[in-house]
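Analysis of the macromolecular model
Take a look at the letters that make up each chain.
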Amino acid sequence: MSKVTDLFARAQRSLAGGVSSSTRVNRALGHPLYFARADGCRLWDLDGREYIDLCCSHGATLVGHGDARIRAAVERALATGAACSYENELQTELAELVCAMVPACERVRFVGSGTEATMHAIRLARAYTGKPKLLKIEGNFHGYHDQVMFSIGTPADQLGPESSPTAWAASSGMAPGLAEQLVLVPYNRPDLLKAALERHAHELAAVICEPIYFNAGCIRPTPEFLAALRDEPRRHGVLLMFDEVLAAFRMAPGGAQQYLGVTPDLCTLGKAVGGGYPLSVFGGRREIMEKLMPTGDCQHSGTYNGHPTSVAAAIAALKIYGEPGFYEHIGAIGAELFAGMNELFARYDVPGRVEGLGARFGIYFGDVGALGNYRDAVRHDRSLMLRFIRGAIDNGVYFHDYGGGACHHGFCAAMTSTDVREALERLEPAVASLVVAAEAATV
Ligand SMILES: Cc1ncc(COP(=O)(O)O)c(C=O)c1O
(Lines give C-alpha, C1' and ligand atoms only; values in the text may rest on other atoms or scores of the structure.)
Protein backbone atom coordinates (compact mmCIF):
# COMPACT_ATOMS: atom_id res chain seq x y z
CA MET A 1 0.00 0.00 0.00
CA SER A 2 1.38 3.38 -0.95
CA LYS A 3 -0.29 6.72 -0.39
CA VAL A 4 1.72 8.07 -3.33
CA THR A 5 0.34 5.58 -5.84
CA ASP A 6 -3.14 5.86 -4.29
CA LEU A 7 -3.03 9.64 -4.76
CA PHE A 8 -1.86 9.22 -8.35
CA ALA A 9 -4.96 7.10 -9.03
CA ARG A 10 -7.20 9.66 -7.29
CA ALA A 11 -5.56 12.71 -8.88
CA GLN A 12 -6.04 11.35 -12.38
CA ARG A 13 -9.80 11.45 -11.88
CA SER A 14 -9.79 15.26 -11.62
CA LEU A 15 -6.32 16.62 -12.55
CA ALA A 16 -5.48 15.92 -16.19
CA GLY A 17 -2.80 13.21 -16.09
CA GLY A 18 -2.74 13.47 -12.29
CA VAL A 19 -0.51 16.55 -12.34
CA SER A 20 -0.74 20.35 -12.32
CA SER A 21 2.10 20.58 -14.84
CA SER A 22 2.85 17.92 -17.46
CA THR A 23 6.58 17.60 -16.70
CA ARG A 24 5.88 16.83 -13.06
CA VAL A 25 5.50 13.16 -13.93
CA ASN A 26 8.90 11.77 -13.08
CA ARG A 27 9.66 9.61 -16.12
CA ALA A 28 11.96 7.40 -14.07
CA LEU A 29 8.96 6.43 -11.91
CA GLY A 30 6.14 6.74 -14.43
CA HIS A 31 4.21 8.94 -11.98
CA PRO A 32 4.77 12.08 -9.94
CA LEU A 33 6.15 11.71 -6.43
CA TYR A 34 3.61 13.46 -4.19
CA PHE A 35 5.33 15.26 -1.35
CA ALA A 36 3.83 16.08 2.03
CA ARG A 37 6.58 18.29 3.43
CA ALA A 38 9.87 19.99 2.62
CA ASP A 39 12.56 21.54 4.81
CA GLY A 40 16.02 22.79 3.81
CA CYS A 41 17.50 20.29 1.37
CA ARG A 42 15.05 17.50 2.27
CA LEU A 43 11.65 16.32 1.10
CA TRP A 44 9.18 13.83 2.61
CA ASP A 45 6.70 11.98 0.41
CA LEU A 46 3.16 11.00 1.41
CA ASP A 47 4.43 7.64 2.65
CA GLY A 48 6.80 9.39 5.04
CA ARG A 49 9.96 8.49 3.06
CA GLU A 50 12.65 11.15 3.30
CA TYR A 51 14.81 12.31 0.38
CA ILE A 52 17.77 14.61 -0.10
CA ASP A 53 16.51 16.92 -2.84
CA LEU A 54 18.75 17.23 -5.91
CA CYS A 55 16.03 18.80 -8.04
CA CYS A 56 15.24 21.75 -5.74
CA SER A 57 12.04 22.83 -7.47
CA HIS A 58 13.87 22.83 -10.83
CA GLY A 59 16.11 25.49 -9.34
CA ALA A 60 13.52 27.77 -7.75
CA THR A 61 14.39 26.94 -4.15
CA LEU A 62 18.06 27.89 -4.34
CA VAL A 63 18.05 28.98 -0.71
CA GLY A 64 16.35 25.76 0.43
CA HIS A 65 12.79 24.77 1.24
CA GLY A 66 10.91 26.73 3.89
CA ASP A 67 13.71 29.18 4.63
CA ALA A 68 12.75 31.16 7.76
CA ARG A 69 13.88 34.52 6.31
CA ILE A 70 11.77 34.13 3.16
CA ARG A 71 8.83 32.86 5.14
CA ALA A 72 9.00 35.86 7.51
CA ALA A 73 9.00 38.25 4.53
CA VAL A 74 5.94 36.53 3.03
CA GLU A 75 4.16 36.60 6.38
CA ARG A 76 4.84 40.35 6.71
CA ALA A 77 3.30 40.87 3.25
CA LEU A 78 0.28 38.76 4.22
CA ALA A 79 -0.15 40.76 7.42
CA THR A 80 -0.52 43.98 5.40
CA GLY A 81 -3.34 42.49 3.33
CA ALA A 82 -1.28 41.38 0.31
CA ALA A 83 -3.46 43.47 -1.96
CA CYS A 84 -2.69 42.40 -5.50
CA SER A 85 -3.04 44.37 -8.74
CA TYR A 86 -1.85 47.57 -7.08
CA GLU A 87 1.54 49.20 -6.96
CA ASN A 88 3.34 49.24 -3.63
CA GLU A 89 6.71 50.09 -2.17
CA LEU A 90 8.04 46.54 -2.25
CA GLN A 91 7.92 46.38 -6.07
CA THR A 92 10.17 49.42 -6.33
CA GLU A 93 12.51 47.98 -3.70
CA LEU A 94 12.78 44.73 -5.67
CA ALA A 95 13.31 46.57 -8.96
CA GLU A 96 16.12 48.60 -7.33
CA LEU A 97 17.73 45.42 -6.01
CA VAL A 98 17.57 43.61 -9.37
CA CYS A 99 18.93 46.66 -11.22
CA ALA A 100 21.77 46.92 -8.72
CA MET A 101 22.67 43.23 -9.02
CA VAL A 102 22.12 42.24 -12.67
CA PRO A 103 24.30 44.15 -15.18
CA ALA A 104 21.80 44.23 -18.10
CA CYS A 105 18.93 45.55 -15.98
CA GLU A 106 18.49 49.33 -16.10
CA ARG A 107 14.72 48.86 -15.92
CA VAL A 108 12.69 45.74 -15.11
CA ARG A 109 9.15 44.38 -15.12
CA PHE A 110 7.70 41.50 -13.12
CA VAL A 111 5.66 38.54 -14.34
CA GLY A 112 4.66 35.21 -12.82
CA SER A 113 6.60 32.62 -14.81
CA GLY A 114 9.66 32.29 -16.99
CA THR A 115 7.33 31.53 -19.89
CA GLU A 116 5.67 34.92 -19.51
CA ALA A 117 9.05 36.61 -19.13
CA THR A 118 10.37 35.36 -22.47
CA MET A 119 7.01 35.93 -24.17
CA HIS A 120 6.95 39.59 -23.15
CA ALA A 121 10.65 40.17 -23.74
CA ILE A 122 10.33 38.78 -27.27
CA ARG A 123 7.35 41.02 -28.03
CA LEU A 124 9.31 43.97 -26.68
CA ALA A 125 12.29 43.11 -28.88
CA ARG A 126 10.00 43.08 -31.91
CA ALA A 127 8.40 46.35 -30.89
CA TYR A 128 11.77 48.05 -30.34
CA THR A 129 13.45 46.86 -33.53
CA GLY A 130 10.39 46.76 -35.77
CA LYS A 131 11.57 43.37 -37.04
CA PRO A 132 9.62 40.10 -36.79
CA LYS A 133 11.94 37.11 -36.41
CA LEU A 134 13.91 35.46 -33.63
CA LEU A 135 17.22 33.64 -33.81
CA LYS A 136 16.91 30.70 -31.44
CA ILE A 137 19.64 28.31 -30.45
CA GLU A 138 18.86 24.69 -31.27
CA GLY A 139 17.63 22.85 -28.16
CA ASN A 140 17.65 25.90 -25.86
CA PHE A 141 14.47 26.06 -23.82
CA HIS A 142 12.58 29.30 -23.26
CA GLY A 143 9.25 28.23 -21.81
CA TYR A 144 5.96 26.98 -23.11
CA HIS A 145 4.50 29.71 -25.32
CA ASP A 146 4.02 29.03 -29.00
CA GLN A 147 6.80 31.21 -30.35
CA VAL A 148 9.61 29.27 -28.67
CA MET A 149 8.29 25.71 -28.43
CA PHE A 150 10.28 24.59 -31.43
CA SER A 151 13.60 22.76 -31.57
CA ILE A 152 13.41 21.51 -28.00
CA GLY A 153 13.99 17.80 -27.40
CA THR A 154 14.19 17.12 -31.12
CA PRO A 155 14.73 13.37 -31.66
CA ALA A 156 18.31 12.61 -32.76
CA ASP A 157 17.17 11.32 -36.16
CA GLN A 158 15.20 14.47 -36.96
CA LEU A 159 17.75 17.18 -36.26
CA GLY A 160 18.39 18.09 -39.89
CA PRO A 161 21.64 19.67 -41.10
CA GLU A 162 23.66 21.82 -38.67
CA SER A 163 23.44 24.74 -41.05
CA SER A 164 19.65 24.59 -40.96
CA PRO A 165 18.30 22.65 -37.96
CA THR A 166 14.73 21.35 -38.05
CA ALA A 167 12.15 23.55 -36.32
CA TRP A 168 10.75 20.46 -34.59
CA ALA A 169 7.47 21.33 -32.82
CA ALA A 170 7.65 20.22 -29.18
CA SER A 171 3.86 20.21 -28.82
CA SER A 172 0.78 19.70 -30.89
CA GLY A 173 -1.55 22.65 -31.28
CA MET A 174 1.06 25.16 -32.42
CA ALA A 175 -0.25 27.86 -34.73
CA PRO A 176 0.84 27.27 -38.33
CA GLY A 177 3.46 29.67 -39.64
CA LEU A 178 5.22 30.26 -36.32
CA ALA A 179 8.20 28.05 -37.15
CA GLU A 180 8.94 30.35 -40.09
CA GLN A 181 9.50 33.18 -37.59
CA LEU A 182 12.56 31.35 -36.24
CA VAL A 183 16.13 31.11 -37.48
CA LEU A 184 17.88 28.19 -35.75
CA VAL A 185 21.57 27.80 -35.01
CA PRO A 186 23.31 25.11 -32.89
CA TYR A 187 24.95 26.25 -29.62
CA ASN A 188 28.70 26.80 -29.73
CA ARG A 189 28.82 27.30 -33.50
CA PRO A 190 30.09 30.89 -33.91
CA ASP A 191 30.59 30.29 -37.64
CA LEU A 192 26.93 29.38 -38.14
CA LEU A 193 25.77 32.19 -35.88
CA LYS A 194 27.73 34.71 -37.95
CA ALA A 195 26.41 33.25 -41.21
CA ALA A 196 22.81 33.31 -39.98
CA LEU A 197 23.14 36.95 -38.88
CA GLU A 198 24.69 37.93 -42.23
CA ARG A 199 21.73 36.37 -43.97
CA HIS A 200 18.81 37.25 -41.69
CA ALA A 201 19.75 40.39 -39.69
CA HIS A 202 17.33 42.53 -41.71
CA GLU A 203 14.39 40.48 -40.37
CA LEU A 204 15.71 39.52 -36.90
CA ALA A 205 14.55 41.31 -33.74
CA ALA A 206 16.74 39.34 -31.35
CA VAL A 207 19.06 36.45 -30.69
CA ILE A 208 17.71 34.56 -27.67
CA CYS A 209 19.87 32.01 -25.86
CA GLU A 210 20.63 30.29 -22.60
CA PRO A 211 24.01 31.78 -21.65
CA ILE A 212 24.85 28.55 -19.83
CA TYR A 213 22.97 25.76 -21.54
CA PHE A 214 21.55 24.12 -18.41
CA ASN A 215 18.54 22.67 -20.20
CA ALA A 216 20.90 20.13 -21.76
CA GLY A 217 22.51 19.42 -18.37
CA CYS A 218 25.31 21.97 -18.20
CA ILE A 219 27.06 23.10 -21.38
CA ARG A 220 29.20 26.23 -21.30
CA PRO A 221 29.77 28.59 -24.21
CA THR A 222 33.21 28.45 -25.78
CA PRO A 223 35.13 31.77 -25.73
CA GLU A 224 34.62 32.03 -29.53
CA PHE A 225 30.86 31.49 -29.29
CA LEU A 226 30.58 33.95 -26.41
CA ALA A 227 32.55 36.56 -28.34
CA ALA A 228 30.30 36.04 -31.37
CA LEU A 229 27.20 36.40 -29.17
CA ARG A 230 28.61 39.58 -27.68
CA ASP A 231 29.70 41.23 -30.95
CA GLU A 232 27.73 39.94 -33.91
CA PRO A 233 24.11 40.78 -33.03
CA ARG A 234 25.11 44.35 -32.08
CA ARG A 235 27.08 44.75 -35.31
CA HIS A 236 23.95 43.77 -37.23
CA GLY A 237 21.39 45.83 -35.25
CA VAL A 238 19.88 42.74 -33.61
CA LEU A 239 19.21 42.60 -29.85
CA LEU A 240 20.93 40.03 -27.66
CA MET A 241 18.65 38.43 -25.09
CA PHE A 242 19.96 36.11 -22.38
CA ASP A 243 17.32 33.80 -21.00
CA GLU A 244 18.54 33.42 -17.43
CA VAL A 245 15.34 31.91 -16.07
CA LEU A 246 17.44 28.91 -15.06
CA ALA A 247 20.93 30.39 -14.89
CA ALA A 248 20.39 33.56 -12.84
CA PHE A 249 21.85 33.59 -9.32
CA ARG A 250 23.27 30.04 -9.64
CA MET A 251 26.91 31.01 -9.75
CA ALA A 252 27.04 34.78 -9.20
CA PRO A 253 24.74 37.47 -7.77
CA GLY A 254 24.61 39.10 -11.21
CA GLY A 255 23.80 35.83 -12.95
CA ALA A 256 25.52 34.12 -15.86
CA GLN A 257 25.99 37.48 -17.60
CA GLN A 258 28.16 38.66 -14.72
CA TYR A 259 29.99 35.33 -14.53
CA LEU A 260 30.64 35.34 -18.29
CA GLY A 261 31.35 39.06 -18.54
CA VAL A 262 28.85 39.68 -21.35
CA THR A 263 25.98 42.12 -20.85
CA PRO A 264 23.00 41.44 -23.11
CA ASP A 265 20.46 44.07 -24.23
CA LEU A 266 17.60 42.21 -22.57
CA CYS A 267 17.42 39.35 -20.13
CA THR A 268 14.90 37.18 -18.36
CA LEU A 269 15.30 35.97 -14.78
CA GLY A 270 13.15 33.27 -13.21
CA LYS A 271 13.00 30.43 -10.73
CA ALA A 272 15.56 31.43 -8.04
CA VAL A 273 14.64 35.11 -8.35
CA GLY A 274 11.38 34.41 -6.48
CA GLY A 275 13.00 32.36 -3.70
CA GLY A 276 10.42 29.59 -4.23
CA TYR A 277 7.48 31.93 -4.92
CA PRO A 278 6.02 32.64 -8.37
CA LEU A 279 7.90 35.61 -9.75
CA SER A 280 9.99 36.13 -12.87
CA VAL A 281 11.55 39.23 -14.33
CA PHE A 282 12.42 40.67 -17.69
CA GLY A 283 14.65 43.68 -17.97
CA GLY A 284 17.24 45.45 -19.99
CA ARG A 285 18.48 48.74 -21.36
CA ARG A 286 16.45 51.77 -20.39
CA GLU A 287 15.56 52.87 -23.92
CA ILE A 288 14.33 49.39 -24.84
CA MET A 289 12.28 48.99 -21.66
CA GLU A 290 10.74 52.44 -22.19
CA LYS A 291 9.12 51.06 -25.30
CA LEU A 292 6.68 49.40 -22.86
CA MET A 293 3.37 51.17 -22.16
CA PRO A 294 2.78 53.69 -20.68
CA THR A 295 6.02 55.35 -21.87
CA GLY A 296 5.89 53.42 -25.15
CA ASP A 297 3.37 51.44 -27.16
CA CYS A 298 4.24 47.81 -26.33
CA GLN A 299 1.82 46.12 -23.95
CA HIS A 300 2.81 44.23 -20.84
CA SER A 301 0.26 43.89 -18.04
CA GLY A 302 -1.22 41.23 -15.77
CA THR A 303 -3.48 41.06 -12.73
CA TYR A 304 -0.98 39.13 -10.64
CA ASN A 305 2.20 40.82 -11.85
CA GLY A 306 4.33 41.87 -8.89
CA HIS A 307 2.17 40.07 -6.33
CA PRO A 308 3.14 41.32 -2.85
CA THR A 309 3.87 37.86 -1.39
CA SER A 310 6.17 36.89 -4.30
CA VAL A 311 7.85 40.28 -4.36
CA ALA A 312 8.51 40.07 -0.60
CA ALA A 313 9.96 36.56 -1.06
CA ALA A 314 12.14 37.76 -3.95
CA ILE A 315 13.55 40.67 -1.94
CA ALA A 316 14.45 38.31 0.90
CA ALA A 317 16.00 35.80 -1.55
CA LEU A 318 18.11 38.42 -3.38
CA LYS A 319 19.38 39.78 -0.07
CA ILE A 320 20.46 36.25 0.87
CA TYR A 321 22.28 35.85 -2.49
CA GLY A 322 24.07 39.12 -1.73
CA GLU A 323 25.33 37.95 1.66
CA PRO A 324 29.08 37.44 2.01
CA GLY A 325 30.05 33.79 1.60
CA PHE A 326 26.87 32.69 -0.21
CA TYR A 327 28.61 31.81 -3.48
CA GLU A 328 31.71 30.46 -1.73
CA HIS A 329 29.41 27.98 0.01
CA ILE A 330 27.65 27.08 -3.27
CA GLY A 331 31.05 26.60 -4.94
CA ALA A 332 32.39 24.39 -2.12
CA ILE A 333 29.27 22.19 -1.98
CA GLY A 334 29.22 21.87 -5.77
CA ALA A 335 32.88 20.89 -5.92
CA GLU A 336 32.37 18.20 -3.27
CA LEU A 337 29.15 16.83 -4.75
CA PHE A 338 30.29 16.78 -8.37
CA ALA A 339 33.68 15.22 -7.54
CA GLY A 340 32.02 12.69 -5.24
CA MET A 341 29.53 11.59 -7.91
CA ASN A 342 32.23 11.40 -10.58
CA GLU A 343 34.34 9.32 -8.20
CA LEU A 344 31.41 6.94 -7.61
CA PHE A 345 30.89 6.48 -11.35
CA ALA A 346 34.62 5.84 -11.82
CA ARG A 347 34.82 3.41 -8.89
CA TYR A 348 31.99 1.28 -10.30
CA ASP A 349 33.11 1.75 -13.87
CA VAL A 350 29.76 3.27 -14.81
CA PRO A 351 29.91 5.58 -17.83
CA GLY A 352 28.52 8.63 -16.06
CA ARG A 353 29.89 12.15 -15.93
CA VAL A 354 28.80 15.17 -13.94
CA GLU A 355 29.21 18.65 -15.40
CA GLY A 356 28.17 21.45 -13.10
CA LEU A 357 28.40 25.17 -12.56
CA GLY A 358 27.26 26.91 -9.40
CA ALA A 359 24.29 25.11 -7.92
CA ARG A 360 23.16 23.25 -11.05
CA PHE A 361 24.52 20.28 -12.91
CA GLY A 362 23.88 17.68 -15.56
CA ILE A 363 24.78 13.98 -15.52
CA TYR A 364 25.67 12.47 -18.87
CA PHE A 365 25.54 8.70 -19.24
CA GLY A 366 27.24 6.68 -21.93
CA ASP A 367 30.07 7.66 -24.19
CA VAL A 368 29.12 11.26 -25.01
CA GLY A 369 32.63 12.68 -25.54
CA ALA A 370 33.00 16.45 -25.89
CA LEU A 371 29.84 18.38 -25.06
CA GLY A 372 29.26 21.44 -27.20
CA ASN A 373 25.58 21.51 -27.98
CA TYR A 374 22.26 19.72 -28.14
CA ARG A 375 23.52 17.29 -30.79
CA ASP A 376 26.15 16.02 -28.35
CA ALA A 377 23.82 15.90 -25.35
CA VAL A 378 21.08 14.01 -27.17
CA ARG A 379 23.49 11.09 -27.67
CA HIS A 380 23.66 10.35 -23.96
CA ASP A 381 22.25 7.06 -22.66
CA ARG A 382 18.81 8.00 -21.48
CA SER A 383 17.80 4.51 -20.36
CA LEU A 384 20.85 4.30 -18.07
CA MET A 385 19.96 7.73 -16.68
CA LEU A 386 16.40 6.63 -15.91
CA ARG A 387 17.74 3.51 -14.12
CA PHE A 388 20.12 5.70 -12.12
CA ILE A 389 17.35 8.13 -11.11
CA ARG A 390 15.07 5.27 -10.14
CA GLY A 391 17.84 3.76 -7.99
CA ALA A 392 18.63 7.15 -6.44
CA ILE A 393 14.98 7.69 -5.48
CA ASP A 394 14.77 4.14 -4.03
CA ASN A 395 17.77 5.04 -1.87
CA GLY A 396 16.52 8.44 -0.71
CA VAL A 397 17.92 11.00 -3.18
CA TYR A 398 15.40 12.84 -5.32
CA PHE A 399 16.29 13.60 -8.95
CA HIS A 400 13.64 14.61 -11.45
CA ASP A 401 13.43 13.43 -15.02
CA TYR A 402 11.43 15.78 -17.21
CA GLY A 403 11.41 13.67 -20.34
CA GLY A 404 13.51 14.66 -23.33
CA GLY A 405 17.32 14.40 -23.34
CA ALA A 406 19.82 15.18 -20.60
CA CYS A 407 18.26 16.89 -17.58
CA HIS A 408 19.43 19.57 -15.20
CA HIS A 409 19.67 18.85 -11.50
CA GLY A 410 20.69 21.01 -8.59
CA PHE A 411 21.26 21.51 -4.91
CA CYS A 412 20.37 24.34 -2.55
CA ALA A 413 22.33 26.54 -0.20
CA ALA A 414 20.86 24.75 2.81
CA MET A 415 22.97 21.74 1.87
CA THR A 416 26.01 21.16 4.06
CA SER A 417 29.09 19.05 3.61
CA THR A 418 27.49 16.45 5.92
CA ASP A 419 24.44 16.35 3.63
CA VAL A 420 26.71 15.86 0.60
CA ARG A 421 28.43 12.89 2.28
CA GLU A 422 25.04 11.42 3.17
CA ALA A 423 23.79 11.92 -0.40
CA LEU A 424 26.89 10.16 -1.77
CA GLU A 425 26.43 7.27 0.68
CA ARG A 426 22.81 6.93 -0.45
CA LEU A 427 23.82 7.13 -4.12
CA GLU A 428 26.45 4.39 -3.88
CA PRO A 429 23.97 1.46 -4.01
CA ALA A 430 22.16 3.21 -6.90
CA VAL A 431 25.40 3.39 -8.89
CA ALA A 432 26.37 -0.17 -7.89
CA SER A 433 22.99 -1.47 -9.05
CA LEU A 434 23.70 -0.19 -12.56
CA VAL A 435 26.73 -2.50 -12.72
CA VAL A 436 24.77 -5.48 -11.40
CA ALA A 437 22.00 -4.83 -13.92
CA ALA A 438 24.53 -4.53 -16.78
CA GLU A 439 26.26 -7.78 -15.70
CA ALA A 440 22.91 -9.59 -15.47
CA ALA A 441 22.02 -8.35 -18.96
CA THR A 442 25.22 -9.83 -20.42
CA VAL A 443 24.83 -13.29 -18.79
C1 LIG B 1 15.80 28.82 -19.64
C2 LIG B 1 14.34 28.73 -19.31
N3 LIG B 1 13.49 29.65 -19.80
C4 LIG B 1 12.18 29.63 -19.52
C5 LIG B 1 11.64 28.64 -18.71
C6 LIG B 1 10.18 28.65 -18.40
O7 LIG B 1 9.99 29.01 -17.07
P8 LIG B 1 8.64 28.66 -16.31
O9 LIG B 1 8.63 27.17 -16.10
O10 LIG B 1 8.72 29.44 -15.02
O11 LIG B 1 7.51 29.11 -17.16
C12 LIG B 1 12.48 27.67 -18.18
C13 LIG B 1 11.93 26.60 -17.31
O14 LIG B 1 12.57 25.62 -17.03
C15 LIG B 1 13.86 27.71 -18.49
O16 LIG B 1 14.72 26.77 -18.03
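In this report, we go over the structure that sits alongside the text.

Parameters and conventions
Residues numbered from 1 in each chain as written. Predicted model: local features only at pLDDT ≥ 70, side-chain atom pairs only at ≥ 80, totals over all residues. Heavy atoms only, no water. Salt bridge = Lys/Arg side-chain N within 4 Å of Asp/Glu carboxyl O. Buried < 20%, exposed > 50% of the residue type's maximum accessible area, 1.4 Å probe, protein only. Helix = DSSP H or I, 4+ residues; strand = E, 2+ residues; numbered from the N terminus. Phe/Tyr/Trp six-rings, centres within 6.5 Å; stacked < 30°, edge-to-face > 60°. Lys NZ or Arg CZ within 6 Å of the ring centre and 35° of its normal. Contact = heavy atoms within 4.5 Å. Expected span 1.5 Å × (residues − 1). Arc of directions from axis to C-beta. Pairing = 2+ DSSP bridges. Axes fitted to C-alpha atoms, helices over the stretch in contact; angles between N-to-C directions.

Per the stated rule, a full pass over the model turns up 27 salt bridges. Asp67 is the salt-bridge partner of Arg69, the closest N and O atoms lying 2.8 Å from each other. Take Arg69: its relative accessible area is 41%, and that puts it in the partly exposed class. Between Arg235 and Glu232 there is a salt bridge; the shortest N-O distance is 2.9 Å. Pair noted here: Arg235 and Glu232 are both in helix H6 (residues 223-235), with a separation of three residues, about one helical turn. Since its relative accessible area comes to 55%, Arg235 is described here as exposed. According to the relative accessible area criterion, Glu232 is buried, its value standing at 9%. Counted as one network, the salt bridges with shared partners bring together Arg42, Glu50, Asp419, Glu422 and Arg426.

Applying the stated criterion to the full structure yields 16 aromatic pairs. When the ring of Phe345 is compared with that of Phe365, the centres are 5.5 Å apart and the planes differ by 80°; the resulting orientation is edge-to-face. Placement of the pair is Phe345 in helix H10 (residues 326-347) and Phe365 in strand E12 (residues 360-365), with a sequence separation of 20 residues. In this pair, the class of Phe345 matches that of Phe365, namely buried. Stacked on the ring of Trp44, the Lys or Arg Arg37 has its end atom at 4.0 Å from the ring centre.

Next up on the list: the environment of Ala317. Within the secondary structure layout, Ala317 lies in helix H9 (residues 308-321). Ala317 sits 79 residues away from Gly396 along the chain, and the two C-alpha atoms are 27 Å apart. If we ignore the near neighbours within four places in the chain, the residues touching Ala317 are Ile70, Ala272, Val273 and Gly275.

Over its 22 residues, H10 runs 32 Å from end to end, which matches the ideal 32 Å to within 8%, given 1.5 Å per residue. For H10, every residue scored as buried is listed here: Phe326, Tyr327, Ile330, Ile333, Gly334, Leu337, Phe338, Gly340, Met341, Leu344 and Phe345. Seen along its axis, H10 keeps its buried residues to an arc of 165°; they face one direction. Structural note: H10 exposes Glu328 and Ala346 on the side pointing more than 90 degrees away from its buried face. The positive-phi residue at the C-terminal boundary of H10 is Asp349, with phi of around 55°.

The next thing to look at is the side chain of His120. With respect to the helices, strands and loops of the structure, His120 is situated in helix H4 (residues 114-129). Overall, His120 belongs to the buried group, its relative accessible area being 9%. With residues up to four places along the chain from it excluded, the contact list for His120 reads Val111, Phe282, Gln299 and His300.

Through backbone hydrogen bonds, the strands of a sheet pair up, either in parallel or in antiparallel fashion. Read across the open sheet, the three strands follow the order E11-E12-E14; overall the sheet is antiparallel. Unpaired on one side and paired on the other, strand E11 (352-357) and strand E14 (408-410) mark the two borders of the sheet. The average angle at which neighbouring strand axes cross in this sheet is 35°, direction not considered. Here E11 pairs with E12 via six bridges, running antiparallel.

The subject of this paragraph is the sheet that holds strand E3 (residues 50-53). Spatially, four strands are ordered E1-E2-E3-E13 in an open sheet, and the strand pairing comes out mixed. The two strands at the open ends of the sheet, each matched to only one other strand, are strand E1 (35-39) and strand E13 (397-398). Note that strand E2 (residues 42-45) and E3 share three bridges and pair antiparallel. Residue pairing in the sheet places Leu43 in a bridge with Tyr51 of E3.

Cis rather than trans, the peptide bond between Met293 and Pro294 has omega equal to 10°. Topologically, Pro294 is positioned in the loop between helix H8 (286-289) and H9. One non-glycine residue, His58, lies in positive phi territory at about 55°. The residue His58 is located in the loop between E3 and helix H2 (68-79) in this model. Backbone geometry places Ala82, a non-glycine residue, at a positive phi of 45°.

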